[in-house]
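# What the coordinates show
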Amino acid sequence: MPKPVVSRGAPDVSRWAGSRLLEGDLPAAVRAERRDAVVTGSLAVVHELMAGDLVDEYRLLTFPVVLGQGRPLFPAGSPPAGLECLSAERVGAAVLTRYGRAAG
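The text that follows walks through the structure, step by step, so that each part is easy to find. Keep in mind it's a predicted model, so treat the numbers as computed, not measured.

## Thoughts on the pattern of salt bridges
Taken as a whole and judged by the stated rule, the model has six salt bridges. Among the ionic pairs, Asp53 bridges to Arg101, the shortest N-O distance being 3.0 Å. In this pair, Asp53 is assigned in the loop between α2 (43-51) and β3 (57-62) and Arg101 in strand β5 (residues 94-101), connecting sequence segments 48 residues apart. Under the relative-accessibility criterion, Arg101 is labelled partly exposed at 35%. Overlapping salt bridges, with partners in common, bring together Arg20, Glu33 and Arg35 in one network.

## Remarks on the packing of aromatic side chains
On inspection of all chains with the given rule, the structure shows one aromatic pair. Where Tyr58 meets Phe74, the ring centres are 5.4 Å apart and the plane angle is 65 degrees; that geometry is what we call edge-to-face. Remark: Phe74 occurs in the loop between β3 and β4 (83-91) and Tyr58 occurs in strand β3; sequence separation between them is 16 residues. A cation sits over an aromatic face here: Lys3 above Trp16, 5.4 Å from the ring centre.

Parameters at a glance
Residues numbered from 1 in each chain as written. Predicted model: local features only at pLDDT ≥ 70, side-chain atom pairs only at ≥ 80, totals over all residues. Heavy atoms only, no water. Salt bridge = Lys/Arg side-chain N within 4 Å of Asp/Glu carboxyl O. Helix = DSSP H or I, 4+ residues; strand = E, 2+ residues; numbered from the N terminus. Buried < 20%, exposed > 50% of the residue type's maximum accessible area, 1.4 Å probe, protein only. Phe/Tyr/Trp six-rings, centres within 6.5 Å; stacked < 30°, edge-to-face > 60°. Lys NZ or Arg CZ within 6 Å of the ring centre and 35° of its normal.

Right, dumping it as structure tokens:
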């Protein structure tokens, strides 16, 4: 399966079959993809895609542990996201919630 990779550095993506490094404007690269983009573990990438109005659904895996302050998904001062809860289910010790754009 093809896997576009976003990185601040210059990783050797040849280790992962089907991987290629995305370079240049991230929102433009995501718009050019013919399939859904899935972001795992990069708040900076999510914020950049949010700014480009490119997020249709959030899937959040929440563990009932709080360590430190962390960084918010929706920073103070950001415009309202207008989301609705699509589903919530227990996954082991965590909760998987899906939020999509609210209808209307």
